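Remarks on the overall topology
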Amino acid sequence: MDQNPNMQEGFSLADLFYIIKNGLRPIIISVVFFGILAGIYAYSIAQEEYRSNVDVYITPITESQTSSSDYTVARYLIMTVAEYFESNSVIDKVILDLNLDESKESFKSKLTVTASTDSYRINVAYQDMNPVNTKLIVNYLVEVGINNQMTDNPERFLPDTIELVGILATDNGTYASPNKPLLVIIGLMVGGIIGLGIAFGKELLNNSFKTKEQLEAAFDIQVLGIIPEFEIKEDF
């Protein structure tokens, strides 16, 4: 026959449980196998990375007569300042001064800058495999960005009434990735999906009849009786 008789009328919930029950062994083996692989990768192979964060506030200069318009200007400029911390002029100076052995593109991939207009706060984060370097690099990057916006600096684009205030990191970077428990869970899920696929594939390749209803539907006949399967235990 060209088509599996079990598939002619679709799968019922009972069929699903039957397939899972019959394929329980490959499912368990697959789950354990991929779970172990994920655990080995997460806890032995994957490189641990650390992150350091610095908050920078864009605020009116307190010595001047602060008005509501100054806060409005600060709000409008916060996204521009955030982009400035990711600019080539800032990053090039950090790489040059710290003698970092990496490209500008690689540096940018480790740098994250987010801005919050509600609190006039910009968060600058740097992620790397060395927790000491993350603190050193992010602190220096923020210092460069702030110094370039000082009153006497030719790169300054902020108005005279606005300044940047940074709260530098004092501790080394904290653990950021990978999420080891999550990787193991994903491995177990992948193993379960593959195991189910094997069980379903095995069932699709099985052309045998398991119930009298399948026989009757396939050959348009009436089954008068069936011979049950049982085991005889002999006493010696």
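Residues numbered from 1 in each chain as written. Predicted model: local features only at pLDDT ≥ 70, side-chain atom pairs only at ≥ 80, totals over all residues. Heavy atoms only, no water.

In this section: the overall build of the chain. In terms of regular secondary structure, the chain is built from eight helices and five strands. Secondary structure elements of the chain occur, N-terminal to C-terminal, as α-α-β-α-α-α-β-β-α-β-β-α-α. Considering the chain as a whole, with its 236 residues, one finds that 31% of them fall into the buried category. Taking as baseline every contact in the chain between residues at least 6 positions apart, the subset at least 24 positions apart corresponds to 73%. For the chain, the accessible area works out to roughly 15400 Å², and carbon and sulfur atoms hold 58% of it. (Helix = DSSP H or I, 4+ residues; strand = E, 2+ residues; numbered from the N terminus. Buried < 20%, exposed > 50% of the residue type's maximum accessible area, 1.4 Å probe, protein only. Contact = heavy atoms within 4.5 Å. Areas by Shrake-Rupley, 256 points an atom, 1.4 Å probe, with all protein chains shown as cover.)

Looking now at the environment of L164. By the secondary structure assignment, L164 is in strand β4 (residues 162–167). We classify L164 as buried; its relative accessible area is 9%. Sequence spacing of L164 and Q149 is 15 residues, and the spatial spacing of their C-alpha atoms is 7.6 Å. Not counting chain neighbours up to four residues away, the residues in contact with L164 comprise V56, Y57, I58, V81, F85, G145, I146, Q149 and L158.

Time to look at the packing of helix α2 (residues 24–45) against helix α7 (residues 180–204). Where α2 contacts α7, the axes come no closer than 7 Å and their chain directions differ by 155°. One finds that α2 runs roughly antiparallel with respect to α7. Crossing of α2 against α7: the hand is right-handed. (Axes fitted to C-alpha atoms, helices over the stretch in contact; angles between N-to-C directions. Parallel < 35°, antiparallel > 145°, perpendicular 65-115°, else oblique. Left-handed = near helix turned anticlockwise from the far one by under 90°.)

In the predicted model, the chain carries a mean pLDDT of 84, and the fraction of residues at 70 or more is 80%. Overall, residues 5–9 carries pLDDT values under 50, and its contacts beyond four positions in sequence, including any with other chains, amount to 12 contacts. (pLDDT = per-residue confidence, 0-100.)

A separate point is the pairing of strand β1 (residues 49–60). Here three bridges tie β1 to strand β5 (residues 174–177), and the two strands are oriented antiparallel to one another. Bridge pairing links Y50 to Y175 in β5. In terms of strand pairing, β1 meets strand β3 (residues 121–128) through eight bridges, oriented antiparallel. Opposite Y57, over in β3, you have R121 as the bridge partner. Note: β1 against β4, six bridges, orientation antiparallel. Along β4, the bridge assignment pairs Y57 with V165. (Pairing = 2+ DSSP bridges.)

Right, let's talk about the nonpolar core for a bit. In this structure, I58, F85, F107 and V124 are the most contacted members of the largest nonpolar core, which totals 31 residues. For this core, the secondary-structure elements that each account for two or more residues are β1, α3 (68–84), α4 (88–97), β2 (111–116), β3, α6 (131–147) and β4. In this view, F107 contacts I91, V94, I95, L100, E102, Y126, I137 and L141; residues no more than four positions away in its chain are not counted. (Core = buried A, V, L, I, M, F, W, Y, C linked by side-chain atoms within 4.5 Å.)

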